[in-house]
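Notes for the structure review
Residue-level listing of the chains:
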Amino acid sequence: MTLSAPAFAAASNGSTIKMFDPDNDGTLDLSEVKNAASALFDKLDPDKDGTLDARELRGRLSRKELNAADPDHDGTLTKDEYLAVVEKRFGAANPDNDGTLDAKELKSPAGRSLLRLMK
C-alpha cells in the first residue's frame with residue numbers, strides 16, 4: 001500500500017506523537033515536548049560541556065535564530081536557552097492555545113520547525 005504525501009505526513013506525524021507521548025492521549029503537551037528536546041540536547045552535546053554551538057545544532061537553528069536565542073552572545077546555547085526556543089516554537093505551533101499539539105499542528109510549518117528541535 002502506498003500512501004499519498006498528505007497521508008504519509010499524517011502517518012509520520014502520528015508516529016512522532018506516539019514516540020513522545022507517554023500518556024498516550026494522541027497529543028503532545030509542552031512537558032512532553034521539552035522532555036524530548038532535552039533528550040535530543042544531551043545527544044547533540046558529545047563533548048558534554050552543557051552547551052550546543054552551531055556545529056552541534058546541525059542546522060536545527062539558523063545563525064539568526066541562534067543569535068536571537070543566545071542572550072549572553074557566546075555563540076552557544078545552554079539547555080535552558082535551547083528549551084526557551086522549544087517553548088517559543090511550541091507556542092507558535094499551537095494556534096488554538098489549547099496547550100497540546102495534534103498531528104495537524106505538527107504538520108504546519110511551525111510544527112515542523114519545532115520537530116527539528118525534538119528529533
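See the structure above.
Presented here is an overview of the structure given in this document. (Residues numbered from 1 in each chain as written. Predicted model: local features only at pLDDT ≥ 70, side-chain atom pairs only at ≥ 80, totals over all residues. Heavy atoms only, no water.)

1. Section: the overall build of the chain
Secondary structure assignment for the chain yields seven helices and four strands. Going residue by residue from the N terminus, the α and β elements of the chain occur as α-β-α-β-α-α-β-α-β-α-α. Counting over 119 residues, the chain shows a buried share of 39%. A separation threshold of at least 6 residues defines the contact pool for the chain, and within that pool the share at least 24 residues apart is 55%. When the accessible surface of the chain is summed, it comes to about 6700 Å², and 56% of that surface belongs to carbon and sulfur atoms. (Helix = DSSP H or I, 4+ residues; strand = E, 2+ residues; numbered from the N terminus. Buried < 20%, exposed > 50% of the residue type's maximum accessible area, 1.4 Å probe, protein only. Contact = heavy atoms within 4.5 Å. Areas by Shrake-Rupley, 256 points an atom, 1.4 Å probe, with all protein chains shown as cover.)

2. Describing helix H2 (residues 30-44)
In this model, H2 (15 residues) spans 21 Å end to end at C-alpha, consistent with the 21 Å of a helix rising 1.5 Å per residue. For H2, the set of buried residues is Glu32, Val33, Ala36, Ala37, Ser38, Leu40, Phe41 and Leu44. With a side-chain oxygen positioned 3.1 Å from the backbone nitrogen of Ser31, the residue opening H2 is Asp29. (Expected span 1.5 Å × (residues − 1). Polar contact = N/O pair within 3.5 Å; in protein donor to acceptor, adjacent residues only side chain to side chain.)

3. Considerations on the layout of surface pockets
Its volume calculated, the largest pocket comes out at about 240 Å³. Residue lining of the largest pocket: Leu61, Lys64, Glu65, Ala68, Ala69, Glu81, Ala84, Val85, Lys88, Arg89 and Ala92, and that is the complete set. Within the residue set of the lining of the largest pocket, elements represented by two or more residues are helix H4 (63-69) and helix H5 (79-93). Top contributing element to the lining of the largest pocket by residue count: H5, with six residues. Of the residues assigned to the lining of the largest pocket, the class counts are six nonpolar, no polar and five charged. (1 Å grid on protein atoms, 1.4 Å probe; cavity = no way out; pocket = protein on both sides within 12 Å on 5 of 7 lines; lining within 4 Å. Points joined across faces, edges and corners; volume = space filled by probe spheres on them. Nonpolar A, V, L, I, M, F, W, Y, C, P; charged D, E, K, R; others polar.)

4. Thoughts on the side chain of Asn94
Tracing the sequence through the fold places Asn94 in the loop between H5 and strand E4 (100-101). Residues in contact with Asn94, not counting those within four places in the same chain, are Gly99, Thr100, Leu101 and Glu105.

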